[in-house]
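# Chain and residue survey
Residues per chain, in single letters:
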Amino acid sequence: MPSELVCHSDDSLAYSFVASYAGVVSFLAVANEGSFAKASDRLGIGRSAVSRNVQKLEAQLDARLFLRTTRSTSLTREGELFYKNCQPGVERIVQALEDMRELRHGPPRGHLRIASAPGFGRRVVAPLLSGFNARYPEIALELVLNDRPCDFTADRVDVAFRDGHMEDSEVVAKQLIPMQMVVCASPEYAREHGLPRHVEELENHRCINFRTSAGRIADWEFKVDGFTHKRSPAARQTFNDIDLMLQAVLDGQGIAQLPAYLVCDSLKAGRLVICLAQHAPDDGGHYLCYLSRKHLPARVRVFVDYMTEHTRTLDLHCLTTSMTNTNASALAIAD
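Presented here is a report on the structure given in the accompanying data block. None of these values were measured; they are calculated from a predicted model.

Spatially, the 5 strands line up as an open sheet ordered β4-β3-β5-β14-β6, and their pairing is mixed. The open sheet has two free edges, formed respectively by β4 (139-145) and β6 (172-177), since each of these has just one partner strand. Between one strand axis and the next, the sheet turns by 25° as a mean value, whatever way the strands run. Looking at chain direction, β6 and strand β14 (residues 286-290) are connected through 5 bridges and run antiparallel. Bridging from a neighbouring strand, Gln175 pairs with Tyr287 of β14.

Right, let's get into the environment of Ala190. With respect to the secondary-structure elements, Ala190 resides in helix α8 (residues 187-193). Considering only alpha carbons, one finds Ala190 and Val273, 83 residues apart in sequence, at a separation of 8.3 Å.

Structurally, the position occupied by Val273 is in strand β13 (residues 273-275). Among the residues examined, Val273 registers a relative accessible area of 6% and is labelled buried. A C-alpha to C-alpha distance of 9.7 Å links Val273 and Tyr189, two positions 84 residues apart in sequence.

Looking now at the pattern of salt bridges. For the coordinates displayed, the defined rule picks out 11 salt bridges. Within the structure, one salt-bridge network assembled from shared partners comprises Arg122, Arg123, Asp241 and Asp243.

Together, Val25, Leu43 and Ile45 give the surface a local cluster of nonpolar side chains, amounting to about 210 Å² of exposed area. For Ile45, a relative accessible area of 35% translates into the label partly exposed.

A few words now on the pairing of strand β7 (residues 181-185). Among the 5 residues of β7, 4 are classified as buried, and the element is accordingly described as predominantly covered. The pairing of β7 with strand β12 (residues 256-259) spans 4 bridges and is classified as antiparallel. Bridging across to β12, Met181 finds its partner in Pro259. Relative to β13, β7 runs antiparallel, the two being bridged by 3 bridges. Residue pairing in the sheet places Cys184 in a bridge with Ile274 of β13.

Structurally, Ser116 can be placed in strand β3 (residues 110-116). A polar contact of 3.1 Å, which involves the side chain of Ser116, links it to the backbone nitrogen of Gly121. Excluding residues within four positions of it along the chain, Ser116 makes contact with Gly121, Val125, Leu143, Val144, Leu145, Asn146 and Phe161.

Enumeration over the complete set of coordinates arrives at 10 aromatic pairs. Here the aromatic rings of Phe27 and Phe66 are separated by 5.3 Å at their centres, their planes lie at 50°, and the arrangement is tilted. In this pair, Phe27 sits in helix α3 (residues 21-33) while Phe66 sits in strand β1 (residues 66-68), placing the two residues 39 residues apart along the sequence. A single burial state applies to Phe27 and to Phe66, both of which are buried. When the centroid spacing of 6.4 Å and the interplanar angle of 65° are considered together, the rings of Phe27 and Tyr83 count as edge-to-face. With Phe27 in helix α3 and Tyr83 in helix α6 (residues 77-105), this pair connects stretches of sequence that are 56 residues apart. For Phe27, a relative accessible area of 0% gives the class buried. Cluster of aromatic residues (ring-pair linked, three or more members): Phe120, Phe132, Tyr136, Phe161, Tyr261, Phe303 and Tyr306.

One non-glycine residue, Asp62, lies in the positive phi region at around 55°. Its location among the elements puts Asp62 in the loop between α5 (47-61) and β1. For Asp62, a relative accessible area of 56% puts it in the exposed group. Phi is positive for Asp225, which is not a glycine, with a value near 55°. Topologically, Asp225 is positioned in the loop between β9 (220-224) and β10 (227-231).

Parameters and conventions
- Residues numbered from 1 in each chain as written.
- Predicted model: local features only at pLDDT ≥ 70, side-chain atom pairs only at ≥ 80, totals over all residues.
- Heavy atoms only, no water.
- Pairing = 2+ DSSP bridges.
- Helix = DSSP H or I, 4+ residues; strand = E, 2+ residues; numbered from the N terminus.
- Axes fitted to C-alpha atoms, helices over the stretch in contact; angles between N-to-C directions.
- Buried < 20%, exposed > 50% of the residue type's maximum accessible area, 1.4 Å probe, protein only.
- Salt bridge = Lys/Arg side-chain N within 4 Å of Asp/Glu carboxyl O.
- Patch = residues over 30% accessible without salt bridge, like charges linked within 9 Å, V, L, I, M, F, W, Y side chains within 5 Å.
- Areas by Shrake-Rupley, 256 points an atom, 1.4 Å probe, with all protein chains shown as cover.
- Polar contact = N/O pair within 3.5 Å; in protein donor to acceptor, adjacent residues only side chain to side chain.
- Contact = heavy atoms within 4.5 Å.
- Phe/Tyr/Trp six-rings, centres within 6.5 Å; stacked < 30°, edge-to-face > 60°.

In structure tokens form, the structure reads like this:
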């Protein structure tokens, strides 16, 4: 074995780069076609280029691969052995190329890993997955619920649902629906303790706070006289799970500022009432995020389209005329 190959024999990857890939491709083409002329036509390069590539490969391997005469070209014993060893690798490369082409342009299939905050994942994302699976049965879905922002690369996430304002320039963020935040209480709480009519009155109420995955208490946000105001009221109870917050409010334990998607059904059913609607903050957004528009696999593309369409048909808005009327009724209850 030539010294230039020996020096790389302990590293298969480095060793493979020593050999000329153009030479290997040319060798396989000549072996399959039975002549250098036909191989050059197959590869779309000149016959002399094919010949040079094979000669370079033979020199690198220190072995003669073809017996060449003016009438025929045939493999030597060394050539037959090399061809036999190369063939499984070629088939796997061809299959890999076909698989990638199918993932991009063929019927959607494969594994899709989805990340979401727990509340939005349970209430909005998860209920839509069965319909998606029925339409695309060859896509296997994995939903991961976590309150911290995901790392697309480290967590191997294909698509993530995020709330609020997106600041990562490397992430494609498609807004699904506005993100409304509303202050809610149970009718029982309203009758017993009243409801705040102004932001300053929060300190007089049993507030329920949310602790984020970063360990801090989430601010309550309001719009007062056209300006954004953030408050962090003292709390009787604090949770790091938004569903537990909702349950505490439903149980009459206090008031909390919660996302609209979480409380809409309870508001419509009269299990909750809104207060401070006149100071509701500007809508943020619920976003569907992925890393790049370029070379987007079919499984990701159809999931983005499906979730966008079906999420936007959901009635998750709270600050409507009917809810405003509910708010007036709530104040009447409080009085």
